[in-house]
Amino acid sequence: MDADVVVVGAGLAGLVATAELADAGKRVVLVEQEPEASFGGQAFWSLGGLFMVGTPEQRRLGIRDSRELAWQDWLGSAGFDREEDHWPRRWAEAYVDFACGEKRSWLREMGHRIFPIVGWAERGDGTASGHGNSVPRFHLTWGTGPGVVEPFEHRLREAIARGLVTLRFRHRVDGLVTTDGAVTGVRGAVLEPSAVGRGEASSRVVAGEFELSAQAVVVSSGGIGGDHDLVRASWPSRLGDPPTHMVAGVPAHVDGRMLAFTEATAAL
C-alpha cells in the first residue's frame, strides 16, 4: 500500500483535506495534474471572501447575526424541496454550523486574518424571506486568495518535512481502482514536465503511467467551468435551456473530468 489516503487535486479543498489527514497521523499522497505553479488551484485567484456568522467583525459594525438567521437565509435561496435535496441539506446545515462556530478560530490559529469591513455578497433583496443574505457575512481575507491558500500550504510543507505527505505534480488521474466493490486507489498518466505559469495551458503529452493504492481516496478535483459542454449537460431543466454562449472564468483544466470517473465506480 502506497499511502493511507490518496487525495486527488491540489486546490484549496485538496490542501485542507491533506493537512487535516496529516495532522491525524495519516500518510497521504497528493496528486495533481498541473505543474507546481498552480498549487492552490482557483482559490489563489479569488477575492478571499469567507462566509462566517456572528463574528467580532460583524459585531463591531453593529451587524446582528445568528445561526437561526443564517439558516433562514440559506433556505430562502436553496429551497430544499425535492427528494434529492436530502444530502445537500445535510451538508448545508453542517456548513452553517461550522460558519457559526469554529471556522473563524480554526483559521485564526493558522495565521489567517480578516479585513475589518464585512462585505455583503449574494445580497438578494435584503430580507430574510427571499434569496440571498439578509445581513453582511462576506469576510475578506488579508492578502485575498493567496492569503487563504498560504496557511494550508504552510501546513503541507511541515507535513512533508515530517514524512507524512508526498506531492506528485503532473500526475493525471484517469480512473479509480476498485477491489471487491471498494475504492482502493487511483491510476492514470504521468504528464511530461511543464514550466508554464499559473493559469496557463500545460502540456498533455503523456510520459508514463502510475497506479497508487490506499485505504481511502479523496477526490477534490475542482469544478466544471472549463468545459461548457459539461456545464450544459449539468444544467437544471427547471431553469430552462442553458445559454448558447458562455464565458469561462477558469482555465480549461477545470473540466470536471473526475466526476465521470467517480460516478462510474459508484463512489459518489
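Scroll up for the structure.
Bear in mind that the values here come from a model prediction, so they are computed numbers and not experimental data.

## Things to note about unusual backbone geometry
Phi is positive for threonine 144, which is not a glycine, with a value near 50°. Residue arginine 170 is not a glycine yet carries a positive backbone phi of 60°. Inspection of the secondary structure assignment puts arginine 170 in the loop between strand E6 (165-169) and strand E7 (171-179).

## Considering the pattern of salt bridges
Inspection of the entire model under this criterion finds 18 salt bridges. A salt bridge links glutamate 57 to arginine 104; its shortest N-O distance comes to 2.8 Å. Pair noted here: glutamate 57 is in helix H2 (residues 56-60) and arginine 104 is in helix H5 (residues 103-109), with a separation of 47 residues, a long-range link. The exposure class of glutamate 57 is buried, given its relative accessible area of 4%. Taking the relative accessible area as the measure of exposure, arginine 104 reaches 21% and is therefore partly exposed. A salt bridge links arginine 232 to aspartate 229; its shortest N-O distance comes to 3.6 Å. Of the two residues, arginine 232 and aspartate 229 are both situated in helix H7 (residues 228-233); the distance of three residues between them amounts to about one turn of the helix. By relative accessible area, which is 26% here, arginine 232 ends up partly exposed.

## What to know about the sheet that holds strand E9 (residues 206-219)
Pairing is mixed across the open sheet formed by six strands, whose spatial order is E6-E2-E1-E9-E8-E7. Two strands in the sheet have a free side with no partner beyond their single neighbour: E6 and E7. Geometrically, the sheet is characterised by an average inter-axis angle of 30° between neighbouring strands, direction not taken into account. Here strand E1 (residues 3-8) runs beside E9; their pairing, made up of five bridges, is parallel. Within the sheet, the bridge partner assigned to valine 6 lies in E9 and is valine 217. In the packing of helix H6 (residues 144-161) onto the sheet, contacts are made with strand E2 (28-32) and E6, and the angle to E6 comes to roughly 115°. Its contacts with the sheet place helix H8 (residues 257-264) against E1, E7 and E9, and it is angled at close to 10° to E7.

## Describing the packing of helix H3 (residues 67-78) against helix H4 (residues 86-100)
One can describe the packing of H3 onto H4 by two numbers: an axis separation of 10 Å at closest approach and a directional angle of 145°. H4 is crossed by H3, and the crossing has right-handed handedness. Residues Arg67, Ala70, Trp71, Trp74 and Leu75 of H3 pack against Arg89, Trp91, Ala92, Glu93, Tyr95, Val96, Asp97 and Cys100 of H4. Its residues placed into classes, the contact of H3 with H4 shows nine nonpolar, no polar and four charged.

## Some points on the packing of aromatic side chains
A full pass over the atoms with the stated rule returns 12 aromatic pairs. Centre to centre, the rings of tyrosine 95 and phenylalanine 98 are 6.4 Å apart; their planes meet at 55°, and the pair counts as tilted. Taken together, the residues tyrosine 95 and phenylalanine 98, both in helix H4 and three residues apart, mark about one turn of the helix. Given a relative accessible area of 23%, tyrosine 95 falls into the partly exposed group. Under the relative-accessibility criterion, phenylalanine 98 is labelled partly exposed at 23%. Among the aromatic residues, those joined into a ring-pair cluster are Phe51, Trp74, Trp91, Tyr95, Phe98, Trp106 and Phe152. Sitting over the ring of tryptophan 120, arginine 123 keeps its end group 3.6 Å from the ring centre. Its end group placed over the ring of phenylalanine 44, arginine 198 keeps NZ or CZ at 3.7 Å from the ring centre.

## Some thoughts on the pairing of E9
Two strands pair when backbone bridges link them, and strand E8 (residues 182-191) and E9 are joined in this way by seven bridges, in the antiparallel orientation. The partner of arginine 187 across the bridge, within E9, is glutamate 211.

## Comments concerning the environment of phenylalanine 210
With respect to the helices and strands, phenylalanine 210 occurs in strand E9. Note on phenylalanine 210: relative accessible area 10%, which makes it buried. Along the primary structure phenylalanine 210 and aspartate 174 are separated by 36 residues, whereas in three dimensions their C-alpha atoms are 9.9 Å apart. Setting aside residues no more than four positions away along its own chain, phenylalanine 210 makes contact with His171, Arg172, Val173, Val186, Arg187, Gly188, Ala189 and Val190.

## Considerations on the pairing of E8
For E7 and E8, the ladder comprises eight bridges, and the chain directions are antiparallel. Across the sheet, residue arginine 172 finds its bridge partner in E8, namely alanine 189. Joining the antiparallel neighbours E7 and E8 is a turn of two residues, in which aspartate 180 adopts a positive phi near 55°.

Each value, and the rule that gives it
- Residues numbered from 1 in each chain as written.
- Predicted model: local features only at pLDDT ≥ 70, side-chain atom pairs only at ≥ 80, totals over all residues.
- Heavy atoms only, no water.
- Helix = DSSP H or I, 4+ residues; strand = E, 2+ residues; numbered from the N terminus.
- Salt bridge = Lys/Arg side-chain N within 4 Å of Asp/Glu carboxyl O.
- Buried < 20%, exposed > 50% of the residue type's maximum accessible area, 1.4 Å probe, protein only.
- Pairing = 2+ DSSP bridges.
- Axes fitted to C-alpha atoms, helices over the stretch in contact; angles between N-to-C directions.
- Contact = heavy atoms within 4.5 Å.
- Left-handed = near helix turned anticlockwise from the far one by under 90°.
- Nonpolar A, V, L, I, M, F, W, Y, C, P; charged D, E, K, R; others polar.
- Phe/Tyr/Trp six-rings, centres within 6.5 Å; stacked < 30°, edge-to-face > 60°.
- Lys NZ or Arg CZ within 6 Å of the ring centre and 35° of its normal.

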